[in-house]
Structures are given as structure tokens and as C-alpha cells.
Amino acid sequence: MTNPQWIAVDDYFTGTIAPADEALTAALADSTAAGLPEIAVAPNQGKLLHLLAATQGARNVLEIGTLGGYSTIWLARALPADGRLITLEYEPAHADVARANIARAGLDKVVEVRTGAALDTLPLLETEGAGPFDLVFIDADKVNNPHYVAWALKLSRPGTLIIVDNVVRNGRVATEHPDDPAITGTRAMFDLVAAEPRLDATAIQTVGTKGYDGLLLARVVDGTE
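A brief structural summary. (Residues numbered from 1 in each chain as written. Predicted model: local features only at pLDDT ≥ 70, side-chain atom pairs only at ≥ 80, totals over all residues. Heavy atoms only, no water.)

This part covers the nonpolar core. Ranked by size, the top nonpolar core spans 34 residues in total, and within it Leu 75, Val 111 and Leu 135 carry the most contacts. Looking at this core, the elements that each hand over two or more residues are helix H2 (22-33), helix H3 (43-56), helix H4 (70-76), helix H5 (92-104), strand E3 (111-115), strand E4 (135-138), strand E5 (161-165) and strand E7 (211-220). At five residues, H4 tops the list of elements feeding residues into this core. In this structure, Leu 155, Val 168, Leu 199 and Val 220 belong to the second largest nonpolar core, which totals 29 residues. (Core = buried A, V, L, I, M, F, W, Y, C linked by side-chain atoms within 4.5 Å. Buried < 20%, exposed > 50% of the residue type's maximum accessible area, 1.4 Å probe, protein only. Helix = DSSP H or I, 4+ residues; strand = E, 2+ residues; numbered from the N terminus.)

Put into C-alpha cells, the structure is as follows:
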């Protein structure tokens, strides 16, 4: 579901306050050339991630779902020089494209791309003591969203911001669709967040170049707030 006016407004926003630069433009171009699906966040949404990470004062960021590294670049640019970002990508070919894009952006000393199923690599992060993370961005396979949020909570601290992308599903999330695992997983994620006393959350609908979708934002609390 798209609308020409949504796209025009997004283009206006991007051109005025979230303009692309060489590294971001090349990241998208190289991702397309490599045959990656064109599902990266929109430029103004990338800028939103950047601003949220900066406002959070994030020094340690976890991303679940790298694709070509476009959102990774936006997030990593908000980190201080001694910050770090770990991003998890299932597809080795996608991870290779992302590493090249991240290196061209001059962020390869800040960002580590780990390849493999996130539900296999997330326990390793816990074992390594890689957390707590200040911000977690989840943009991977939607059927596992409840598991990803549960792991984000394990690897967080009070004050951590958890962001989940693509939660509106063209409006279909409002009703059950047993034949659509992405919607089933997303609704299960909402149920988990709603029942979890350590999460204070909201969700917003968005329209634009990526169609009709939205984000969930959840703040980890310590149970006394």
C-alpha cells in the first residue's frame, strides 16, 4: 500500500532535513546491485534511529537484522568514538555487503557484523557479557519478534530503548491472520510487551516511501517506576 503524496512528503523531509551522503547512497546502491531486497529503512526513518540513539546517549547498541548495513550506518554514526555496535545478520551474502558498506562509511572499527541465526548468536552475546546494550533495534524475520524482544530484555538495563520495525503490516496487525506467520509473530510480540512489567511501550503508525507500517518503542524500567 503506497500513496504518491506520502512519497512526495517523505522526499521533501529527506531533502530538507535528512539528506543522503555518499556513504549512505552507495550503501543502498550496492545493496540493490547485490540483489538484496529493497526493504531498508527510509532515509528519514534512518535519521530517526540516529536521533534516538544520540538522545539516548547510547554507547553500546545491538541491531538484529543487518541487511546491507544502511540502518547500521545511521545508528553507528550516533555513537562516541569508543562506542560499539553489534549487528546480527542471518544471510552470509547480506553480511558481506554490509561489511563493505560499513567499512566505506569509516565505521568498521565501531561496528561488528556477526553472521548466523540470531537465536543462535544472541545466547553467545549473553555468555560473552556483551551487554547491557543502551539501544536495541529489531528489524529481522517477524515470526521471531517475541523471541528477539525477550532476548533484548535479557541484554538490557533499566533505561534501555528497544525499537521494533514493521509492526503495522499494512494495518493487518489489528486482526488475527493465522495464515501469516509475520502477523502472528508480531501480535505475539505485542502480547509479550503488554504483559511484561519491565517494559513501558507504545507503537506508532507511519506512512511514506515504505508504505503503511510502523514502529514499536519500549523502554526498560526497573519495576519501581
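We now examine unusual backbone geometry. Looking along the chain, the bond that leaves Gly 131 and enters Pro 132 is cis, with omega of 0 degrees. Looking at the secondary structure, you find Pro 132 in the loop between helix H6 (118-128) and E4. A positive phi angle, close to 60 degrees, is found at Asn 166, a residue other than glycine. Residue placement: Asn 166 occurs in the loop between E5 and helix H8 (181-195).

This brings us to the pattern of salt bridges. By the definition in use, this model includes 11 salt bridges. The salt bridge involving Arg 104 is made with Asp 30; its shortest N-O contact spans 2.9 Å. With a gap of 74 residues between them, Arg 104 in helix H5 and Asp 30 in helix H2 connect regions that are remote in the sequence. Of the charged contacts, one joins Arg 157 and Asp 134 as a salt bridge, the two residues approaching to 3.0 Å between their closest N and O atoms. Here Asp 134 lies in the loop between H6 and E4 and Arg 157 lies in the loop between helix H7 (145-154) and E5, a separation of 23 residues in the sequence. (Salt bridge = Lys/Arg side-chain N within 4 Å of Asp/Glu carboxyl O.)

This part covers the environment of Val 221. Mapping Val 221 onto the fold places it in the segment after E7. The buried category is assigned to Val 221, whose relative accessible area is 9%. Measuring from C-alpha to C-alpha, the distance between Val 221 and Arg 198 comes to 5.0 Å, with 23 residues separating the pair along the chain. Filtering out sequence-adjacent residues up to four positions away, Val 221 remains in contact with Pro 158, Pro 197, Arg 198, Leu 199 and Asp 200. (Contact = heavy atoms within 4.5 Å.)

This brings us to the sheet that holds E4. Pairing in this open sheet of seven strands is mixed, and the strands run E3-E2-E1-E4-E5-E7-E6 from one edge to the other. Edge strands, defined here as strands with exactly one partner in the open sheet, are E3 and strand E6 (199-208). Here the average twist between neighbouring strands, direction ignored, is 15 degrees. Contacts from helix H1 (residues 4-17) reach E6 and E7, with the element oriented near 110 degrees to E6. In the packing of H3 onto the sheet, contacts are made with E4, E5, E6 and E7, and the angle to E5 comes to roughly 170 degrees. (Pairing = 2+ DSSP bridges. Axes fitted to C-alpha atoms, helices over the stretch in contact; angles between N-to-C directions.)

We now examine a nonpolar patch on the surface. Taken together, the side chains of Val 9, Tyr 12, Phe 13 and Ile 17 define a hydrophobic patch exposed on the protein surface, amounting to about 400 Å² of accessible area. Along the chain, Val 9 falls in helix H1. (Patch = residues over 30% accessible without salt bridge, like charges linked within 9 Å, V, L, I, M, F, W, Y side chains within 5 Å. Areas by Shrake-Rupley, 256 points an atom, 1.4 Å probe, with all protein chains shown as cover.)

The N-to-C vectors of H7 and H8 enclose an angle of 35 degrees; their axes lie 7 Å apart at closest approach. For the pair H7 and H8, the contacting residues are Asn 145, Pro 146, Val 149 and Ala 150 in the first and Gly 185, Thr 186, Ala 188, Met 189, Leu 192 and Val 193 in the second.

Under the definition given, this model contains one aromatic pair. Seen from the ring of Trp 151, Lys 154 lies directly overhead, with NZ or CZ sitting 4.1 Å from the centre. (Phe/Tyr/Trp six-rings, centres within 6.5 Å; stacked < 30°, edge-to-face > 60°. Lys NZ or Arg CZ within 6 Å of the ring centre and 35° of its normal.)

Looking at the secondary structure, you find Ser 156 in the loop between H7 and E5. We classify Ser 156 as buried; its relative accessible area is 14%. Spatially, the C-alpha atoms of Ser 156 and Asp 134 are 6.8 Å apart, while their sequence positions differ by 22 residues. With near-sequence residues (within four places) excluded, Ser 156 lies in contact with Pro 132, Phe 133, Val 136, Ile 162 and Val 220. Among the polar contacts listed, one links the side chain of Ser 156 to the backbone oxygen of Ala 152, at a separation of 2.3 Å. (Polar contact = N/O pair within 3.5 Å; in protein donor to acceptor, adjacent residues only side chain to side chain.)

One can find Thr 72 in helix H4. By relative accessible area, which is 0% here, Thr 72 ends up buried. Among the polar contacts listed, one links the side chain of Thr 72 to the side chain of Glu 63, at a separation of 2.5 Å. When neighbours within four sequence positions are excluded, Thr 72 is seen to be in contact with Glu 63, Thr 66, Leu 85, Thr 87, Ile 102 and Val 111.

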